[in-house]
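Residues per chain, in single letters:
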Amino acid sequence: MSTLEGYAVLVTGGGTGIGRACAARLAADGAAVTICGRTRETLEAAASGIPDARWVVADVTDEASIATAVDRAAERVPLRGVVANAGGGGGMGPYHRQDLDEFRRVLELNVIGTMLTLKHALPHLVSAGGGSFVGMSSIAGRVTHPVFGAYPVGKIAIEHMMRNAADEYGAAGVRCNAVAPGFTETELMSGIPRDSSVFESYIRNTPLAGVAQPEDVAEAVRFLIGPESRFITGTVLEVDGGHHLRAGPDFRTFTGLSAEQLLGRD
């Protein structure tokens, strides 16, 4: 692969897991990386292990906050890449038991957070003569995830946002794509017992078996950020071992609800 020297890249949610792996991979090829997130200590620890990385505390759901982070990322060299990795899930339960405030919070974090990052990054990418924006989707946006509430809705919304943005800004040389990881060994997924039926449902439905490492996702992101993918836009790259070919995992046991309660017959 070619060097990324002269590229400034912002990675949201860059302090842990997939975001941290993406930042490290991009920096290894010469990108001037800035990571952002909500926790100073986490960002400091992550940046200390990434060559020449900067960090800035930012909440992607707060417009002024993410606008500042984007501007900070573009201070050294032109902003040529953005990885909108910040996101997350919420309380599990069937839709008739969903809490409205929690549902909105998850949509705000995933959809609005990605939109605000895109909104403020676009002028920089355009002025740089073009660049690449990568949204972070999920296997949850590809196959059903019962009791996941707003999370699958938010992830498929990110994918369509990338398609629309790819169409709108292609003439300016800005490419917009998404990456959709499956089960990946991160701090977030460590809460799923490896001897549980939930974990078994992931493995059973993954043709390549096993689970991904954050570095697997980072390699896909590196490809989409760099010039090697110069003629790719508006697409979703799945990094899930083929899981999207089969069925989604079954988290219903995590809710503690009976079969009757899950169906709204209680």
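The model shown is predicted, which means the values in this text are computed figures rather than measured ones.

**With respect to the sheet that holds strand 1 (residues 8–12)**
Right, so step 1: Pairing is parallel across the open sheet formed by 7 strands, whose spatial order is 3-2-1-4-5-6-7. Both edges of this open sheet fall to strand 3 (54–57) and strand 7 (236–239), since each of them pairs with a single strand only. When the angles between neighbouring strand axes are averaged without regard to direction, this sheet yields 20 degrees.
Right, so step 2: Sheet topology note: the strand 6 (residues 174–181)/strand 7 ladder contains 4 bridges and is parallel. Looking at the pairing, alanine 180 lines up with glutamate 238 of strand 7.
Right, so step 3: The strands touched by helix 5 (residues 150–169) within the sheet are strand 5 (131–136), strand 6 and strand 7, with strand 6 carrying the most contacts at an inclination of about 160 degrees.

**Overview of the layout of surface pockets**
Right, so step 1: Space inside the largest pocket adds up to approximately 1200 Å³.
Right, so step 2: Counting residues per element, the ones that place at least two in the lining of the largest pocket are helix 1 (17–28), strand 2 (32–37), helix 2 (40–47), helix 4 (100–127) and helix 5.
Right, so step 3: No other element matches the 3 residues that helix 1 contributes to the lining of the largest pocket.
Right, so step 4: Residues that form the lining of the largest pocket fall into these classes: 20 nonpolar, 21 polar and 5 charged.

**Topic: the nonpolar core**
Right, so step 1: Formed by 31 residues in total, the largest nonpolar core has its most connected members in Leu79, Leu118, Phe133 and Cys176.
Right, so step 2: Once residues within four sequence positions are removed from consideration, cysteine 176 is found in contact with Leu118, Phe133, Met162, Ala165, Ala166, Thr233, Gly234 and Thr235.
Right, so step 3: In terms of nonpolar packing, the next biggest core, distinct from the first, is built from 29 residues, Leu4, Ala21, Ala31 and Ile225 among them.

**Quick look at the packing of helix 3 (residues 63–73) against helix 4**
Right, so step 1: At a minimum axis distance of 9 Å, the contact between helix 3 and helix 4 shows a crossing angle of 35 degrees. Relative to helix 4, the crossing made by helix 3 is right-handed. When helix 3 is examined against helix 4, the residues Glu63, Ile66, Ala67, Val70 and Asp71 are found in contact with a partner set consisting of Leu116, Thr117, Lys119, His120, Ala121 and His124.
Right, so step 2: Partitioning the contact of helix 3 with helix 4 into residue classes produces 5 nonpolar, 3 polar and 3 charged.

**Considerations on the side chain of threonine 114**
Right, so step 1: Counting through the fold element by element, threonine 114 comes out in helix 4.
Right, so step 2: Exposure remark for threonine 114: the relative accessible area of 1% places this residue in the buried category.
Right, so step 3: Residues contacting threonine 114, with those up to four places away along its chain left out, are Ala84, Leu109, Phe133, Ile158, Met161 and Met162.

**Concerning empty space enclosed by the protein**
In this approach a probe as big as a water molecule rolls over the atoms, and the regions it shows empty are the leftover space.
Right, so step 1: Considering all chains together, one arrives at 1 cavity of 30 Å³ or more under this definition.
Right, so step 2: Estimates place the volume of the largest cavity at around 30 Å³.
Right, so step 3: Residue lining of the largest cavity: Gly89, Gly90, Gly91, Gln98, Glu102, Val106, Phe148, Gly149, Ala150 and Tyr151, and that is the complete set.
Right, so step 4: Breaking the lining of the largest cavity down by element, the ones donating at least two residues are helix 4 and helix 5.
Right, so step 5: Split by residue class, the lining of the largest cavity holds 4 nonpolar, 5 polar and 1 charged.

Rules of the game
- Residues numbered from 1 in each chain as written.
- Predicted model: local features only at pLDDT ≥ 70, side-chain atom pairs only at ≥ 80, totals over all residues.
- Heavy atoms only, no water.
- Pairing = 2+ DSSP bridges.
- Helix = DSSP H or I, 4+ residues; strand = E, 2+ residues; numbered from the N terminus.
- Axes fitted to C-alpha atoms, helices over the stretch in contact; angles between N-to-C directions.
- Contact = heavy atoms within 4.5 Å.
- 1 Å grid on protein atoms, 1.4 Å probe; cavity = no way out; pocket = protein on both sides within 12 Å on 5 of 7 lines; lining within 4 Å.
- Points joined across faces, edges and corners; volume = space filled by probe spheres on them.
- Nonpolar A, V, L, I, M, F, W, Y, C, P; charged D, E, K, R; others polar.
- Core = buried A, V, L, I, M, F, W, Y, C linked by side-chain atoms within 4.5 Å.
- Buried < 20%, exposed > 50% of the residue type's maximum accessible area, 1.4 Å probe, protein only.
- Left-handed = near helix turned anticlockwise from the far one by under 90°.

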